[in-house]
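Single-letter residue listing:
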Amino acid sequence: MAETITTHHQLAGGEKPDLDLSNADWRSGSQGAGDVQIAFVEGFIAMRNGGRPESPSLIFTPAEWRAFVLNARDGEFDLT
C-alpha cells in the first residue's frame, strides 16, 4: 500500500486544502538530477525538488503560479 502524502499550507485570507500528492503526475523541465518538478492537483500547482521528492512541496494557487511564471519570463529571478 502506498503512503499518502498530504500537504497543508497557509494562504492569505484562508487556508489551502490538504492535497494528496501520492498519485500526482510530477513533470520536470529537464533530465538532470535535482530538477524542479511540478504537478497540477485539485486546481492547485505543487512544486518540489525532484532530487529530494520526500521533502515538502510548495503549493500555489493558479493566480500565484501565473504571477511566478510571468515574473520568471520577465527575468525577475535571473541571477546573472
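Refer to the preceding data block for the structure.
Residues numbered from 1 in each chain as written. Predicted model: local features only at pLDDT ≥ 70, side-chain atom pairs only at ≥ 80, totals over all residues. Heavy atoms only, no water.

Engineer: Describe unusual backbone geometry, listing the residues and the values that go with them.
Structural biologist: For Glu42, which is not a glycine, the phi torsion comes out positive at approximately 50°. Position of Glu42 among the secondary structure elements: in the loop between β6 (36-41) and β7 (44-49). Using a relative accessible area of 55% as the deciding quantity, one classes Glu42 as exposed. (Helix = DSSP H or I, 4+ residues; strand = E, 2+ residues; numbered from the N terminus. Buried < 20%, exposed > 50% of the residue type's maximum accessible area, 1.4 Å probe, protein only.)

Engineer: Help me get a handle on the nonpolar core, residues and values and all.
Structural biologist: Of all hydrophobic cores here, the largest spans nine residues; its members are Leu19, Leu21, Ala24, Trp26, Ala39, Val41, Phe44, Ala46 and Ile59. Put simply, the parts of the chain that give this core at least two residues each are β6 and β7. Within the second largest apolar cluster, five residues are counted, among which are Ile38, Ile45, Met47 and Trp65. (Core = buried A, V, L, I, M, F, W, Y, C linked by side-chain atoms within 4.5 Å.)

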